[in-house]
Number of protein chains: 2
Amino acid sequence: MTERRAILLASRPQGEPTADNFRLETATLPDPGKGEILVRTIWLSLDPYMRGRMDDAKSYADPVELGDVMGGQGVGQVLASRHDGFAEGDIVVGMTGWADHAILRGDEARKLDPSRAPVQTALSVLGMTGLTAWAGLTEILHAKKGQTLAIGAATGAVGTVAAQLAKARGLTVIGIAGGEEKCRYATDELGMDACIDHHAHDDGKAMAKAIGDAAPQGIDLYFENVGGKTLAGIVPNMNRDGRIAICGMVAWYSGKNLDHAMPLPAVWRAILVNRLTVQGFLVSDHMHRMDDFVAELAPMVKDGRLKHREDVTEGLENAPQAFLAMLGGGNFGKTLVRVGPDGDA
Amino acid sequence: MTERRAILLASRPQGEPTADNFRLETATLPDPGKGEILVRTIWLSLDPYMRGRMDDAKSYADPVELGDVMGGQGVGQVLASRHDGFAEGDIVVGMTGWADHAILRGDEARKLDPSRAPVQTALSVLGMTGLTAWAGLTEILHAKKGQTLAIGAATGAVGTVAAQLAKARGLTVIGIAGGEEKCRYATDELGMDACIDHHAHDDGKAMAKAIGDAAPQGIDLYFENVGGKTLAGIVPNMNRDGRIAICGMVAWYSGKNLDHAMPLPAVWRAILVNRLTVQGFLVSDHMHRMDDFVAELAPMVKDGRLKHREDVTEGLENAPQAFLAMLGGGNFGKTLVRVGPDGDA
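Residues numbered from 1 in each chain as written. Chains lettered and ligands numbered in written order. Predicted model: local features only at pLDDT ≥ 70, side-chain atom pairs only at ≥ 80, totals over all residues. Heavy atoms only, no water.

Peer 1: Where do I start with the state of the cysteines in this structure?
Peer 2: What makes a disulfide is a covalent bond joining the sulfur atoms belonging to two cysteines. All names here are of chain A. By the definition in use, this model includes two disulfides over all chains. Disulfide pairing places Cys183 opposite Cys195 at an S-S distance of 2.4 Å. Where Cys183 bonds to Cys195 through sulfur, the torsion about that S-S bond is close to -60°, and the disulfide is left-handed. Of this pair, Cys183 sits in helix H4 (residues 180-189) while Cys195 sits in strand S10 (residues 194-197), and the two are twelve residues apart along the sequence. Each member of the pair, Cys183 as well as Cys195, is classed as buried. Cysteine Cys247 shares no disulfide, and the gap to the nearest cysteine sulfur, in Cys195, comes to 18 Å. Using a relative accessible area of 19% as the deciding quantity, one classes Cys247 as buried. (Disulfide = S-S within 2.5 Å. Helix = DSSP H or I, 4+ residues; strand = E, 2+ residues; numbered from the N terminus. Buried < 20%, exposed > 50% of the residue type's maximum accessible area, 1.4 Å probe, protein only.)

Below, the structure written as structure tokens:
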């Protein structure tokens, strides 16, 4: 019997979520059943997709039920195991939820090798976010040397990896990010060829001019994470036979910025005239590539070729405010919550 | 020296075009130069894409200049040839424009075999419109047996061929057309599994319900010719991993029906959640498949397996009104103008 603290969904958001939508609860976990493991959470990942699950609407995943623990991926240490693949002390990644302890099915957890890279990278560059960037670039955009790639939320968790992978593959990379500091990081640290600060441009038309100035050769590929005025600025700059991979649209979550949307007929016309391909994708459809992806990226993470940044909040109880800040663009790098101390070696 | 009658672009439309935008002119053609042929037009094709070229805006083709002959494809007979590939009396298809005579470069004309199928089918089922349907279905939608295909403007020139090809390949076909008569033709003559009359449904929501009722299994593939409320009705019915081929959007030409557009964020979300692929295409990118396509389709046209319908207007001088009627959906089948008598055998 283990005491467990967790953040629950207390109410559904009306528009933008607030701290009131969450509630901290202490409860008692049963012992793990056959095939299960008991995990103590060390790191929790916070991601924009979680916003969608707070609504009671059909999405790519079921909504979180009211009164249930907020879902999410974490890294933790096995405290007790009734699954042959795991021993006490192992470090694993799995769906712990926003909780300091969790019972996981062994076949839904993945064992980590702490010597390969810092374990929390399994939640970012070597986990779902890194795989998202890799799959978007490789499987959806078919990125090729010499092409020009634009990336929305370019200093976000996914954008950071996508940009560096694209540079390593010989593409020209135009980032779009919010604020001068993020843009400096994009060009000076991550090696992007240019970065457009969307705070400095009021609408899609101004964004289109800034993007056109930064990429007079036009945009071949767009890694879409944002929607809003960024998308409105990208579409008129797309080259013939260009591709757009829709990975997210954070500007439009919670019903915000709808006035910054281009009219659908104009977008449809651009797709037709320039023979664009627009494709949505979810990382969950690409999980079978995880091993290949990690084998390729882990050495780049370990030797520093692939830079990444973590935005760490201490304490499970502070997860809601870290999540709300992230939705507003207040994070800088992969948003993580430090839930407990490192594992014993 | 040949006297030539032609329809010119007299002025650019403000919104919907009117008869005043056109002017009939008689002029004198020079003799064909080296490598050229003089053609007497028999049939002229009228197509929705011509509306776009009346505007002074960047499109997939240059606009028609004011005072120039309206562009367009025709079938005609060679009156004089200075090109080795053509002899007097040959029947050819090429860009005659809206004119009763034209000088064509030989390398831009294609010789027809009148024994294979009626020559005017080179302007419809065995020409650009047929190739459009074939390329959309084959190259863009990757249509497969067992899938459900929806087609906008299902009884139009392209839709007619797409529907019959899809049925021959074992797909379920849901047509959308304007009016009971067209819908009866779609199901009773062309063999579509269902047809939705968009005149009977006021908006995208009503269309969505009608489409959902007709295809409770959902829509895998959508051949987009219309935009407007039809598109708004299709999007909520798209299945996971579905594909949309954007071939045209006649409902939105001339700035009409913009209020029937879904908001872009809702469309973007549907693309993401259902992993849709939306791709624009132009038949001009698929011309290299013309011979393969004709070899496959010509026998089906000749023996009647592929039904098609022509909407013929007599006389070049009536081309503008036939064109305006077609834009408003008043045509029924491929819009052709009979410009002159059949060729001498």
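Peer 1: What is the right way to read the sheet that holds strand S12 (residues 238-246) of chain A from this model?
Peer 2: Picture the strands of a sheet paired through backbone hydrogen bonds; they go either parallel or antiparallel. Ordered in space as S10(A)-S9(A)-S8(A)-S11(A)-S12(A)-S13(A)-S13(B)-S12(B)-S11(B)-S8(B)-S9(B)-S10(B), the twelve strands form an open sheet in which the pairing is mixed. Strand pairing shows two members of the sheet lacking a second neighbour, S10 of chain A together with strand S10 (194-197) of chain B, which therefore form its edges. The mean inter-strand angle of the sheet, taken between neighbouring strand axes irrespective of direction, is 15°. Bridge count for strand S9 (residues 172-177) of chain B against S10 of chain B is four bridges, and the pairing is parallel. Bridge pairing in S10 of chain B places Ile174 of chain B opposite Ala194 of chain B. In the packing of H4 of chain A onto the sheet, contacts are made with strand S9 (172-177) and S10 of chain A, and the angle to S10 of chain A comes to roughly 170°. Contacts from helix H5 (residues 204-214) of chain A reach S9, S10 and strand S11 (219-224) of chain A, with the element oriented near 165° to S10 of chain A. (Pairing = 2+ DSSP bridges. Axes fitted to C-alpha atoms, helices over the stretch in contact; angles between N-to-C directions. Contact = heavy atoms within 4.5 Å.)

Peer 1: Just checking my understanding: could you explain the relation of the copies chain B and chain A for this structure?
Peer 2: In this arrangement, two copies of a chain are superimposed by a rotation about an axis accompanied by a shift along the axis. Turning chain B through 180° and shifting it by 0.0 Å along the axis lays it on chain A, with an RMSD of 0.0 Å. The transformation relating the two chain copies, once decomposed into turn and shift, fits a two-fold axis. Here 100% of the contact residues of chain B are again contact residues in chain A; the copies associate through an equivalent surface. (Least-squares fit on C-alpha atoms with pLDDT ≥ 70 in both.)

Peer 1: Teacher, can you tell me more about unusual backbone geometry here?
Peer 2: Peptide bonds are mostly trans, and most non-glycine residues show a negative phi. Residue and element names in this part refer to chain B. Within the chain, His142 stands out as a residue other than glycine whose phi angle is a positive 50°. By the secondary structure assignment, His142 is in the loop between helix H2 (128-140) and strand S8 (148-151). With relative accessibility at 35%, the residue His142 sits in the partly exposed group.

Peer 1: Sorry, what's going on with the side chain of Arg4 of chain B here?
Peer 2: Residue and element names in this part refer to chain B. Within the element layout of this structure, Arg4 appears in strand S1 (residues 2-9). Polar contacts involving the side chain of Arg4 include one to the side chain of Glu25, which spans 3.0 Å. Not counting residues within four places of it along the chain, the set of residues in contact with Arg4 comprises Glu25, Thr26, Ala27, Leu29, Val69, Ala99, Asp100 and His101. (Polar contact = N/O pair within 3.5 Å; in protein donor to acceptor, adjacent residues only side chain to side chain.)

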